[in-house]
Amino acid sequence: MRFEEAIVTSRREFLSNALGTALVTASTWPIRAEARSMHGQSDSSTSNSERATQKTPLSWDVFLAVSIPAITSDLPPGEKERPWPPISSTLISGERDAVLVDTPITVEQARALANWVLASGKNLTTIYATHGHGDHFFGASTVLERFPSARFVARPDVIKVMRQQASPKSLATFWNPRFPGQISSHLAIAEELAGNVINLEGHDLVSVPLGFTDTASTTCLYVPSIGLIVAGDAAYNGVHLHLSESPDRQKRQEWIAALDKMESLKPRAVIAGPRFRAPRNADDDCAGTI
């Protein structure tokens, strides 16, 4: 399987200047990214006993919820509507089971995601939320209706942000006015992930705390055996950064530190949360995927 090496602009160009605004698709580290599903090989440090059991290599694929308009009067000059960016959900699969990372906002988007997971033929065991923004977990309750035996999990600090986002005040003042009649009236809040590892057919999927990126207490999910990072909102692809929660230099320095932390894991592929580029083929826009 062929990869294309991509080294793109410095992340400090769009985060370190506290007064600037910028578009993302940026990183200083070489990322070997493939914009489609990927099959990985087990880590070379696998023990002899593990080799003997011949664990099935994991694979991944990405679902992209389409961009939808958000109803708001706060529009840039010359624009008539504010499109909400597409949000990615990643399915990590073994031979039989699978783990889903993040879900979109609306019931309609979540039903389309559930149909996509069902079509994979995998048994969904777990839904993992990378962070507490509503547009990455509001759809979980709808997916769980289709997969009632799946667990919905997140780290404790992420759950605190979830509760704030799903509070009556937040729904009434922010989410429902923007997406009237589109958000589930029965939102699910994740249960606490015990430890920091989700087991998928003998493979570790590691929850990595990243601290502040575009909001507080964000994480990524790292899959060492295939060199995959599902970054949530720690990485954007072709979408303007959400900066309203990080207006000062200190917050943006924390975001840079989170990118450095992901870099230190030496991933082969990083899946951005908000993204306009959909997977199409093996060499699709590798430079734009961070």
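The model shown is predicted, which means the values in this text are computed figures rather than measured ones.

Draft legend 1. Fine view of the environment of Phe212. Tracing the chain through its elements places Phe212 in the loop between β13 (203-211) and β14 (218-223). For Phe212, a relative accessible area of 10% corresponds to the buried category. Between the C-alpha atoms of Phe212 and Ala257, which are 45 residues apart in sequence, the distance is 9.0 Å.

Draft legend 2. Structural detail: the pairing of strand β9 (residues 123-128). Of the strand pairs in this sheet, strand β8 (residues 97-101) and β9 are connected by five bridges, and their pairing is parallel. Paired with Val99 across the strands is Thr126, a residue of β9. Note: β9 against strand β10 (residues 151-154), three bridges, orientation parallel. Looking across to β10, one finds that Tyr128 is bridged to Val153. Chirality of the crossover, the property in question, places the unit of β9, helix α4 (residues 140-146) and β10 among those that are right-handed.

Draft legend 3. Highlighting the packing of aromatic side chains. A full pass over the atoms with the stated rule returns nine aromatic pairs. Here the aromatic rings of Trp84 and Phe174 are separated by 6.4 Å at their centres, their planes lie at 70 degrees, and the arrangement is edge-to-face. You can see Trp84 sitting in strand β6 (residues 82-84) and its partner Phe174 sitting in helix α6 (residues 168-178), a full 90 residues away along the chain. In this structure Phe174 comes out as partly exposed when scored by relative accessible area, which is 30%. Stacked on the ring of Phe174, the Lys or Arg Arg178 has its end atom at 3.9 Å from the ring centre.

Draft legend 4. Expanded view of the nonpolar core. With 35 residues, the main nonpolar core has Leu124 and Phe152 as its most contacted residues. Sorting elements by how many residues they give to this core places helix α3 (residues 107-119) first, with four residues. Grouped together as the second largest cluster of nonpolar side chains are 19 residues, Trp60, Tyr128, Ile226 and Leu228 included.

Draft legend 5. Seen up close, the sheet that holds β14. Judged by pairing direction, the sheet is mixed, and its five strands sit side by side in the order β12-β13-β14-β15-β16 without closing on themselves. What marks the edges here is a single partner per strand, and that holds for β12 (197-200) and β16 (269-271). Direction aside, the axes of adjacent strands within the sheet are offset by 20 degrees on average. Across three bridges, strand β15 (residues 228-230) lies against β16 in parallel orientation. Pairing of Leu228 across the sheet is with Ala269, part of β16. Packed on one face of the sheet, helix α7 (residues 249-264) meets β13, β14 and β15 and runs near 155 degrees to β13.

The rules behind these values
- Residues numbered from 1 in each chain as written.
- Predicted model: local features only at pLDDT ≥ 70, side-chain atom pairs only at ≥ 80, totals over all residues.
- Heavy atoms only, no water.
- Helix = DSSP H or I, 4+ residues; strand = E, 2+ residues; numbered from the N terminus.
- Buried < 20%, exposed > 50% of the residue type's maximum accessible area, 1.4 Å probe, protein only.
- Pairing = 2+ DSSP bridges.
- Right-handed = clockwise from strand over helix to strand, strands pointing away.
- Phe/Tyr/Trp six-rings, centres within 6.5 Å; stacked < 30°, edge-to-face > 60°.
- Lys NZ or Arg CZ within 6 Å of the ring centre and 35° of its normal.
- Core = buried A, V, L, I, M, F, W, Y, C linked by side-chain atoms within 4.5 Å.
- Axes fitted to C-alpha atoms, helices over the stretch in contact; angles between N-to-C directions.
- Contact = heavy atoms within 4.5 Å.

By themselves, these figures tell us nothing about what the structure is for.
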